[in-house]
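Observations on chain architecture
Listed below, chain by chain, are the residues.
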Amino acid sequence: MGFLDLTRPEHAYLFAFVQCDGSLKAGPGKKGALTVELAARDRQLLEDFQRIVPFHTSIRTRTRRTNYSSEHTSVTWTLHALAARRI
């Protein structure tokens, strides 16, 4: 299955987590992204994902107003590599 070895616990966890909480979007041509957005307190989990995946990824922080909070800070992990998204 490419770079993911589902017999390794950390890879299996990443695969399952992305299936439940990830978002895969397509763009024109071969553009697109796999993203996971979490509360800022969970940033370490996304940094762990970044270490597991052998493709360039980014983690960005944003603060915004939501229905539940006047100032909610979240972190988003993004993977653009087409080869990884196909897997």
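First, a word on scope: everything that follows refers to the structure included in this document. What you see is a predicted model, and the numbers here were worked out from it, not measured in a lab.

**A look at the environment of S23**
Looking at the secondary structure, you find S23 in strand β1 (residues 22-26). With 10 residues separating them along the chain, S23 and A33 place their C-alpha atoms 8.0 Å apart. Not counting residues within four places of it along the chain, the set of residues in contact with S23 comprises A33, L34 and T35.

**Quick notes on the sheet that holds strand β3 (residues 57-64)**
Across the sheet, which stays open at both edges, the four strands sit in the order β1-β2-β4-β3 with antiparallel pairing between neighbours. Because the sheet does not close on itself, it has two edges, and the strands there are β1 and β3. In this sheet, neighbouring strand axes are inclined to one another by 25° on average, regardless of whether the strands run parallel or antiparallel. Note that strand β2 (residues 32-39) and strand β4 (residues 72-79) share six bridges and pair antiparallel. In the strand pairing of β4, A39 is matched with S74. Sitting on the sheet, helix α1 (residues 9-21) is in contact with β1, β2 and β4, with an inclination near 90° to β2. Its contacts with the sheet put helix α2 (residues 43-52) on β2, β3 and β4, and the angle it makes with β3 is roughly 160°.

Cut-offs and rules
- Residues numbered from 1 in each chain as written.
- Predicted model: local features only at pLDDT ≥ 70, side-chain atom pairs only at ≥ 80, totals over all residues.
- Heavy atoms only, no water.
- Helix = DSSP H or I, 4+ residues; strand = E, 2+ residues; numbered from the N terminus.
- Contact = heavy atoms within 4.5 Å.
- Pairing = 2+ DSSP bridges.
- Axes fitted to C-alpha atoms, helices over the stretch in contact; angles between N-to-C directions.

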